[in-house]
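Geometric and topological summary
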Amino acid sequence: MSRAAIAPRIAFLLGAALALPQLLACLQHPLKEVEYDKTQVEQTGIQLAINKDVDILFVIDDSGSMAQEQALLAKNFGSFISVLEAKDVAANYRIGITTTDNGNPRCPSAKTTPTHGALVLSSCVDRVADGDFVYDGEDPPVDAAYACTDVCSRGDDELQIRPTTTDRDSDPKPRPWIENIEGVTNIPDGVSTVEAFQCFGPQGIAGCGFESPLESMFQALDRADEEGDPNYGFLRDQAILSVVFLTDELDCSHNPAHEEIFVGNKTFWNSPDDVIPTSAACFRAGVVCEGSGDPVYSECYAEDFDASGNAGASEADAVLYPVSRYTELLQGIEDQKRMTDQGQEVLVAVIGGVPAGYESGDAEIQYSNVADQAWIDDFGLAPGCTLGEGKALPPVRLREFAESFQTGEERNMFSICQDDYSAALAAIADKIRDQIKPACMPQCVQDSDKTTQILDPECTLVEETPATGDKTPVRACVQEGGEWVPSGDDTACYLALLDQDKLTPETDDDISSYCTDLGYNLEFKIVRTEAAPAGSQITATCLLSELPEVDCPNLGA
């Protein structure tokens, strides 16, 4: 090759050699791990939806036929509490109890024990001594002390309620409900919540036979908003609300403005010649059944009658309060709760006069008038279920109310005619458990260390107490003796749950499928050694991903 031909090649190679460092730098730059300028990455403070709070109201029929049913409820209550206290649930619950006795002109207070929605928290042992477990509507009177003494041996002196505060009342005082908040109860040491309910739950059989479960519920919840009332503060703004009814009768929630239908106006009585009305008056004053009733009615539904027996009455003129009064109350509560938790639902369950298997669709309610005539005269409808000598009326008004708050395919009514309520109570508790959702961080959080497979978040958590203005840092938990606990004098700490693919052998850091299904990459679990301050909220501030479409590809899907 000539010298003239070689010279251009040497110049080219020399130029390429001089450019090689810059070229290599350009080639290497895309392969370099991206390092974010953390001062430029967005941070956000988000109030975490850490809601394990549950307010549960039991409305218990305390009429003369309810001894066995109350005993079963108390005996089987462990199946309910075991769900709420399971490690993966750990609900912060309150349990209030009231009765179906809301008063009636035919049930003077001197003979029955109307609660008018007041929460009752006294040992049945002491109420046995007061005669609450004696029904004097038969001769001789029925003594049903066993409904208490078979399940409870502690009197009020052994069940002293510890003073607690509420979101609305910062003064510690004994409250008329059972509570377990972050594992701290308001009952004495050595007494479980199951044992406490077994003593507080049985309400006796001296209550009014014109049961008003819907109005008793209404009054209990209404009184919870009345400052100065013992019920005040029972309801928490963000808590899940569950109402559970136990009754073997039709609802007879009458409007006191029309109480003459029980004392003089005989429009709904069996006969103008009768001296007193029977419970059949409640059936006729609030229910319409289509068809002959022999063997069954084609349907039965709630109706609003005025004092003259005209259907379609206004709320003011209806002798029994319209069912809408009660659905609107709970729907209003649900709507308020959904302002902070969009998916929250108010839960309703009935243990009543439906056949066994009704909840799963294996059996249907049969409304009929084929029964002993004395029974029809007393109640207006044939029993909806039986167990031995026990019989229960098929609910109509209460059924329509409960159906308005049914969630999922499983019905929310269970048969009272069973010798074991464990399955029913567990199913009711399962619905509550399903409402307790994990505390997902509802943003795509940045991974501050891309060299590892697992998310490495940078977050700060603060607990704010509006009542006092306090802002307390919530630090990461430390492990002691195999348990995650707060460090030092802290009473709360957090665990970051972020392992989506079981990359670590531990399960303590596994994020729930609930959060990953929503596309989130971080969940928090709060661990406490004492109850949270009343009304407190935890806010998380995290560095957020600049590339959420990469780091959280399912977000918003």
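Just so it is clear, the structure is predicted and the values come from calculations on it, not from any experiment. (Residues numbered from 1 in each chain as written. Predicted model: local features only at pLDDT ≥ 70, side-chain atom pairs only at ≥ 80, totals over all residues. Heavy atoms only, no water.)

1. Describing empty space enclosed by the protein
As enumerated under the stated definition, the model contains one cavity of 30 Å³ or more in all. Forming the walls of the largest cavity are Q68, E69, L72, D248, L387, G390, K391, A392, I416, C417, Q418 and Y421. Broken down by secondary-structure element, the contributors of at least two residues to the lining of the largest cavity are α2 (67–75) and β13 (390–392). The residue inventory of the lining of the largest cavity, partitioned by class, reads six nonpolar, three polar and three charged. (1 Å grid on protein atoms, 1.4 Å probe; cavity = no way out; pocket = protein on both sides within 12 Å on 5 of 7 lines; lining within 4 Å. Points joined across faces, edges and corners; volume = space filled by probe spheres on them. Helix = DSSP H or I, 4+ residues; strand = E, 2+ residues; numbered from the N terminus. Nonpolar A, V, L, I, M, F, W, Y, C, P; charged D, E, K, R; others polar.)

2. So, the pattern of salt bridges
Applying the stated criterion to the full structure yields 25 salt bridges. D169 is the salt-bridge partner of K173, the closest N and O atoms lying 3.0 Å from each other. When its relative accessible area of 34% is taken as the criterion, K173 is described as partly exposed. A salt bridge links R528 to E182, with the shortest nitrogen-to-oxygen separation between them at 3.6 Å. A residue pair is termed long-range when its members are at least 10 positions apart, and R528 in strand β21 (residues 523–528) and E182 in the loop between β6 (178–181) and β7 (184–185) qualify at 346 residues. One salt-bridge network, held together by shared partners, links D53, D55 and R236. (Salt bridge = Lys/Arg side-chain N within 4 Å of Asp/Glu carboxyl O. Buried < 20%, exposed > 50% of the residue type's maximum accessible area, 1.4 Å probe, protein only.)

3. Topic: the side chain of T278
Note on placement: T278 falls in the loop between β8 (240–246) and α8 (280–286). Reaching out from T278, the side chain makes a polar contact with the backbone oxygen of D377 at a distance of 2.7 Å. (Polar contact = N/O pair within 3.5 Å; in protein donor to acceptor, adjacent residues only side chain to side chain.)

4. Points about the confidence of the model for the chain
For the chain, the average pLDDT comes to 90, and 92% of its residues sit at 70 or higher. Per-residue pLDDT stays below 50 along residues 1–41; that stretch engages in 15 contacts with residues further than four places along the chain or on separate chains. (pLDDT = per-residue confidence, 0-100. Contact = heavy atoms within 4.5 Å.)

5. Section: the pairing of strand β3 (residues 92–99)
With eight of eight residues buried, β3 is to be regarded as a mostly interior element. Of the two faces of β3, the one carrying N92, R94, G96 and T98 and the one carrying Y93, I95, I97 and T99 are both buried. As defined by bridge partners, strand β2 (residues 53–60) adjoins β3 across eight bridges and the pair is classed as parallel. What sits directly across from V59, in β3, is T98. (Pairing = 2+ DSSP bridges.)

6. A look at the nonpolar core
One finds I56, F58, F80, I95 and I416 to be the most contacted residues of the largest nonpolar core, which totals 57 residues. Residues within four places of I416 in sequence aside, it is in contact with M66, E69, L246, T247, D248, I351, G352, G353, V354, C385, A392 and Y421. Among the nonpolar cores identified, the runner-up in size contains 45 residues, and F283, Y321, V350 and F405 belong to it. (Core = buried A, V, L, I, M, F, W, Y, C linked by side-chain atoms within 4.5 Å.)

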